[in-house]
Amino acid sequence: MSQIVFKNPGLIDLRSIHTFGWSVKETDNPIGRFGTGSRFAIATLLRLDHKVTLYRGLDRYTFRVKRVEARANTS
């Protein structure tokens, strides 16, 4: 089993993980550290059926997929 690791200095604000369009970056640099890239990475990995675990300091957060019907059945 392979493992993908993203490592950043500091602690990510957990609200920013599930809110697209919200950047908590402290610099004007458009690349890296708590922008939308981490959210897209998590979403993409989950969509491809990977297990995603985030460690924030010593706290562990596991992400899962919950399948729901998004469209009304028109048949």
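Just above sits the structure.
Remember, predicted model here, so these are calculated numbers, not experimental data.

1. Overview of the overall build of the protein chain
- Secondary structure summary: the protein chain contains one helix and two strands in total.
- When the helices and strands of the protein chain are listed from N to C terminus, the series reads α-β-β.
- Across the 75 residues of the protein chain, 16% fall into the buried class.
- Nonlocal contacts in the protein chain, meaning residues at least 24 apart in sequence, comprise 30% of its contacts between residues at least 6 apart.
- Accessible area of the protein chain: about 6,900 Å², with a carbon and sulfur share of 53%.

2. Points about the environment of Arg56
- Tracing the backbone shows Arg56 in strand β1 (residues 52–56).
- Here the alpha-carbon distance between Arg56 and Leu14, two residues 42 residues apart in the chain, equals 8.6 Å.
- With sequence-adjacent residues up to four places away left out, Arg56 is seen in contact with Leu11, Ile12, Leu14 and Tyr61.

3. A closer look at the pairing of strand β2 (residues 59–63)
- As defined by bridge partners, β1 adjoins β2 across five bridges and the pair is classed as antiparallel. When the bridges of β2 are listed, Tyr55 appears paired with Arg60.
- Two successive antiparallel strands, β1 and β2, enclose a turn made up of two residues, where Gly57 displays a positive phi of approximately 65°.

4. A short note on the pattern of salt bridges
- Considering all chains together, one arrives at one salt bridge under this definition.
- The shortest N-O distance in the salt bridge between Arg67 and Asp49 comes to 3.4 Å. One end of the pair, Arg67, is in the segment after β2; the other, Asp49, is in the loop between α1 (37–47) and β1, with 18 residues separating them in the sequence. You'll find Arg67 and Asp49 in the same group, each marked exposed.

5. Looking at α1
- Buried within α1 we find Arg39, Ala41, Ile42, Leu45 and Leu46. For α1, the angular spread of the buried residues around the axis is 160°, confining them to a single face.
- For α1, the elements touching its buried residues are β1 and β2.
- At the C-terminal side of α1, Asp49 shows a positive phi close to 65°.

6. Overview of the nonpolar core
- Judged by nonpolar contacts, Ile12, Ile17, Ile42, Leu45, Leu46, Val52 and Leu54 together constitute the single largest core of seven residues.
- For this core, the secondary-structure elements that each account for two or more residues are α1 and β1.
- Per element, the largest residue contribution to this core is three residues, and it comes from α1.
- Once you skip the residues sitting within four places of it in the chain, Ile17 turns out to touch Ile12, Arg39, Ile42, Leu54 and Phe63.

Reading the values: rules and limits
- Residues numbered from 1 in each chain as written.
- Predicted model: local features only at pLDDT ≥ 70, side-chain atom pairs only at ≥ 80, totals over all residues.
- Heavy atoms only, no water.
- Helix = DSSP H or I, 4+ residues; strand = E, 2+ residues; numbered from the N terminus.
- Buried < 20%, exposed > 50% of the residue type's maximum accessible area, 1.4 Å probe, protein only.
- Contact = heavy atoms within 4.5 Å.
- Areas by Shrake-Rupley, 256 points an atom, 1.4 Å probe, with all protein chains shown as cover.
- Pairing = 2+ DSSP bridges.
- Salt bridge = Lys/Arg side-chain N within 4 Å of Asp/Glu carboxyl O.
- Arc of directions from axis to C-beta.
- Core = buried A, V, L, I, M, F, W, Y, C linked by side-chain atoms within 4.5 Å.

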